[in-house]
Amino acid sequence: MGRRGKKKGRPVSGWVVLDKPVGMGSTEAVSKIKWLFQAEKAGHAGTLDPLASGMLPIALGEATKTVPYVQDGAKIYRFTVAWGDERSTDDLEGPVTKSSDLRPTEAEVRALLPKYTGVIMQTPPQFSAVKIAGERAYDLAREGETVDIPPREIEIGRLDVVEHGADYTVFEVECGKGTYVRSLARDMGRDLGCFGHVSDLRRVEVEPFTPQDFVTIAELEAARFGAQGEDKSGSDDGGDAPDAPIDFDAIDALLVDTSAALDCLPQIAISDDAATKIRLGNPIIIRGRDAPVEAEEACATARGKLVAIGAIEQGMFKPKRVFAG
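Residues numbered from 1 in each chain as written. Predicted model: local features only at pLDDT ≥ 70, side-chain atom pairs only at ≥ 80, totals over all residues. Heavy atoms only, no water.

**Topic: the sheet that holds strand E16 (residues 305-313)**
Strand order in this open sheet of 5 strands is E13-E15-E16-E17-E14, and the pairing throughout is mixed. The open sheet terminates on both sides in strands that have one partner only, identified here as strand E13 (267-269) and strand E14 (284-285). Pairing of E14 with strand E17 (residues 316-322), which is carried by 2 bridges, proceeds in the antiparallel orientation. Note that in E17 the partner of isoleucine 285 across the bridge is methionine 316. Running at roughly 70 degrees to E16, helix H8 (residues 272-279) makes contact with E14, strand E15 (295-302), E16 and E17 of the sheet. (Pairing = 2+ DSSP bridges. Helix = DSSP H or I, 4+ residues; strand = E, 2+ residues; numbered from the N terminus. Contact = heavy atoms within 4.5 Å. Axes fitted to C-alpha atoms, helices over the stretch in contact; angles between N-to-C directions.)

Here you go:
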């Protein structure tokens, strides 16, 4: 049998709550962050289009196990709808497909908001990652095909007007998983009879993270290279580490702890001995007057560090997903 190849990178874990700049794709951002931290493993919790800016939570190492909990969290977007034109991509990238000289008043826009609040049905854009017969809708759209994308149920907690101008309206929306802001712009434009598309989009929050957790590429690079001032390795694509030794303490200090993604779950504090048992896959008895007796999902921590996600049944914590110590 051949030997397994040694993993490249450091076993660093945690969340980078990146303030992604316009023009950078989500996959490109993950590669950049993975390289900056020289991490073994990295992934993001929800794609952000290249034309959009804002919060892109990127998980490193053990934090990748908590990605689904962040993907399911509520999101807040601030976006501008330019009235008068509908575009093939429902944003600035695509050509104009429909136009109108009509422009809505602020009162007309506000009167429409209740229709787009609560649990509603929404049809994703033609240029989206939705799979149609095994293929991505955006791949079919780029080949010139117009596909029938079935509407899906989404939830919008609130939709507010932030600013209104002669040719545009700025909105802020708090929404659940699967919501397409570009579809909101398209549909509101059609309802108002003036057409519309997203001209600016920024993701402000992804639960449980807040803007206070934001970090920029420039801040990460400054921490990573310190006195070097710049990348001396000639690589930014996740390649091997440069020859010169680097102190990673400064950049690691910018990570948000892995457990932050699990604030939505009941928290169980356990002893070091119990943590050892759990990491071996064994259940433990939950002690303490305030300990829950039943929970479909909970997380166990020891000395403030995440140990496992599991179920609590009849007063016992049964691990389902264990984290390295």
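Read on for the rest.
**Description of the packing of aromatic side chains**
Under the defined criterion, the tally for this structure stands at 4 aromatic pairs. Measuring from centroid to centroid gives 5.4 Å for tryptophan 15 and phenylalanine 209, while their planes differ by 55 degrees, and the two rings are tilted. Of this pair, tryptophan 15 sits in strand E1 (residues 14-20) while phenylalanine 209 sits in the loop between strand E12 (196-206) and helix H6 (217-225); the two residues are 194 residues apart in sequence, bridging distant segments of the chain. Residue phenylalanine 209 is classed as buried on the basis of its relative accessible area of 2%. The interplanar angle of 40 degrees and the centroid separation of 5.9 Å between the aromatic rings of tryptophan 35 and phenylalanine 225 together place this pair among those described as tilted. In this pair, tryptophan 35 is assigned in helix H1 (residues 26-37) and phenylalanine 225 in helix H6, connecting sequence segments 190 residues apart. By the burial criterion, tryptophan 35 is buried, and phenylalanine 225 matches it. Aromatic rings pair up to connect Phe79, Trp83 and Phe171 into one cluster. The residue whose ring lies beneath arginine 10 is phenylalanine 248, and the NZ or CZ to ring-centre distance is 3.9 Å. The ring of tryptophan 35 is capped by arginine 224, whose NZ or CZ atom sits 5.2 Å from the centre of that ring. (Phe/Tyr/Trp six-rings, centres within 6.5 Å; stacked < 30°, edge-to-face > 60°. Buried < 20%, exposed > 50% of the residue type's maximum accessible area, 1.4 Å probe, protein only. Lys NZ or Arg CZ within 6 Å of the ring centre and 35° of its normal.)

**Observations regarding the nonpolar core**
Counting 48 residues, the largest nonpolar core has Val16, Ile33, Phe37, Phe79, Phe171 and Met188 as the members making the most contacts within it. No other element matches H1, which puts 6 residues into this core. Once residues lying within four places of it in the same chain are set aside, the contact partners of phenylalanine 37 are Arg10, Val12, Val16, Leu60, Leu220, Phe248, Ile251, Asp252 and Leu255. Within the second largest apolar cluster, 15 residues are counted, among which are Ile268, Ala274, Ala308 and Ile312. (Core = buried A, V, L, I, M, F, W, Y, C linked by side-chain atoms within 4.5 Å.)

**Looking at unusual backbone geometry**
For the bond running from glutamate 207 to proline 208, omega is 15 degrees, close enough to zero to count as cis. If you trace the backbone, proline 208 turns up in the loop between E12 and H6. A positive phi angle is found at phenylalanine 195, which is not glycine, with a value near 65 degrees. Positionally, phenylalanine 195 belongs in the loop between helix H5 (181-192) and E12. Take phenylalanine 195: its relative accessible area is 18%, and that puts it in the buried class.

Geometry only, nothing functional implied.
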